Amino acid sequence: MAKAVTVYSTPTCPFCIRAKQYLKENNIQFTDHNVGADEAKAQEMIKKSDQMGVPVIDIDGIIVVGFDKEKIKEALGL
Amino acid sequence: MPYDLIIIGAGPAGITAAVYAARKKMNFLVITRDIGGQAAWSGDIENYTGYQFVTGPELVSKFEEHMRKYRIDSKEGEDVLDVEKSGDAIVVRTNRSRYEAKTVIIASGKFSRELGVPGEKEFKNKGLTYCATCDGPLFAGKDVAVIGGGNSALDAALQLVRIARKVYIINNTPRLGGDAVMKEKVETSANVTVLNDSRVTAITGSKMVGGVTVSRNGREESIAVEGIFVEIGLVPNSGFAKTVERNANGEIKISARNETNIPGIFAAGDVTDVPEKQIIIAAGEGSKAVLSAFKYISQQL
């Protein structure tokens, strides 16, 4: 079963771009929320990660803050 | 068997060094916290030859693609704690392991300078950030403060005036520095308040940032803000190179051949005292450092 992956990002953040690129390269489907434009999703991100830095990646409930390749790999089981 | 070479860092200098080392068929290792360094944070780049316009992340993925064309042994997300000469070998200790090489190139770049005030660590990423480009959009309609008075502070402020309700610029000198054009734009923005001669003494809040305490005209005042953007410059990431000679700014002193004071240890890019910090200069320095290291090894035989 594919894991549910949600990315909380801003369009201008370089590490958000790199993180999404990394997911795409590994053929991982994900939902992307622009937290700069979507206040409700921004609150959701803050609630989940207890902080305000982007990107935040939710991989089946495992919360990864920042473009932390090792943690992402581990959570995805790559 | 020790490596021929260990490259510390994978920004423009480290990645270029890796490409050159691979083409020299050296037995080498790259140890780095991240890929791209400061270039990954850059917005628009219009002065890297061959690219009339490219963004930081795009250029970095081009760099990375070029490096990965060769089979490269790399340790990502690893922090170097210590580099030391021990007999003929150079020992690199990290938070995970210990490595030995005949030569080392330090290309660890720079990182954002911290304020060093109470509350800074506690509220990092909880309203306090060092990347306006990344986190700015989260502060739509809120009151925020930019700390600093140079170009990077002005750049952050100009990004934020379009997003935030009110932007305070807290600058510890008598007037703003930076480019005249940017200064004028900032000073004529309706929602900007510039506080000169003002020093931040604390960051306050409960769960997230709620305010900043500023000392000005001999008294302290609190300003209610939900976001704080620290833009007070960069410091070289050279703390781990304890035995390598550095200048007063912490930059590693190098010769025109990228040699440090310790034979076998070379350095390249923004972590060094090379005049001018540019992506293209860092890349050039990275290639020079490898050629010097290669020559050094051949002369040791």
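Residue positions within a chain follow its written sequence, with the count starting from 1. As a convention, the first chain written is A and the first ligand written is 1, with the rest following in written order. Only residues with pLDDT of at least 70 get local features here, since the model is predicted, and only at 80 or more are side-chain atom pairs given and counted; chain-wide, interface and lining totals rely on the full set of residues.

This part covers the sheet that holds strand 10 (residues 128–129) of chain B. Residues and elements named next belong to chain B. The rule for pairing is simple: two strands pair if DSSP sees at least two bridges between them. Secondary structure elements are defined from DSSP: runs of H or I of at least 4 residues count as helices, runs of E of at least 2 residues count as strands, and each element is numbered from the N terminus. Here we have five strands laid out as an open sheet, ordered 10-17-11-12-13, and parallel in their pairing. Every interior strand has two partners, whereas the edge strands, strand 10 and strand 13 (192–195), have only one. As defined by bridge partners, strand 10 adjoins strand 17 (residues 227–230) across two bridges and the pair is classed as parallel. Bridged to L128 within strand 17 is I228.

We now examine the interface of chain B and chain A. Taken together, the 18 residues of chain B in the interface contact 17 residues of chain A. Listed by contribution, the elements that provide at least two residues to the side of chain B that touches chain A are helix 2 (56–68) and helix 3 (132–135) of chain B. Asp, Glu, Lys and Arg are counted as charged, while Ala, Val, Leu, Ile, Met, Phe, Trp, Tyr, Cys and Pro are counted as nonpolar; the rest, among them Gly, fall into the polar class. Residues belonging to the side of chain B that touches chain A are distributed by class as follows: eight nonpolar, seven polar and three charged. Throughout, a residue-residue contact means that the two C-beta atoms, derived from backbone geometry, are no farther apart than 7 Å.

A few words on the packing of helix 1 (residues 12–23) of chain B against helix 6 (residues 279–300) of chain B. All names here are of chain B. Interaxial distance between helix 1 and helix 6 falls to 7 Å at its minimum, and their mutual angle equals 40 degrees. With respect to their mutual orientation, helix 1 and helix 6 come out oblique. Both helix 1 and helix 6 take part in a crossing whose hand is right-handed. Where helix 1 approaches helix 6, its residues P12, A13, G14, T16, A17, Y20 and A21 are matched on the opposing element by I279, A282, A283, E285, G286, S287, A289, V290 and L291. Classifying every residue of the contact of helix 1 with helix 6 gives eleven nonpolar, four polar and one charged. An axis is simply a line fitted to the C-alpha atoms; with a helix, the fit covers only the stretch in contact. Between two such axes, the angle follows the N-to-C directions and lies from 0 to 180 degrees. Our angle categories are set so that under 35 degrees counts as roughly parallel, over 145 as roughly antiparallel, 65 to 115 as roughly perpendicular, and the remainder as oblique. The crossing is said to be left-handed when, going from far helix to near helix, the turn is anticlockwise and less than a right angle, and right-handed when the turn is clockwise.

For every residue, the predictor states its confidence as a pLDDT score lying anywhere from 0 to 100. Mean pLDDT for chain B: 94, with 100% of residues reaching 70 or above. Interface confidence for the predicted complex, expressed as ipTM, amounts to 0.81; the pTM equals 0.82.

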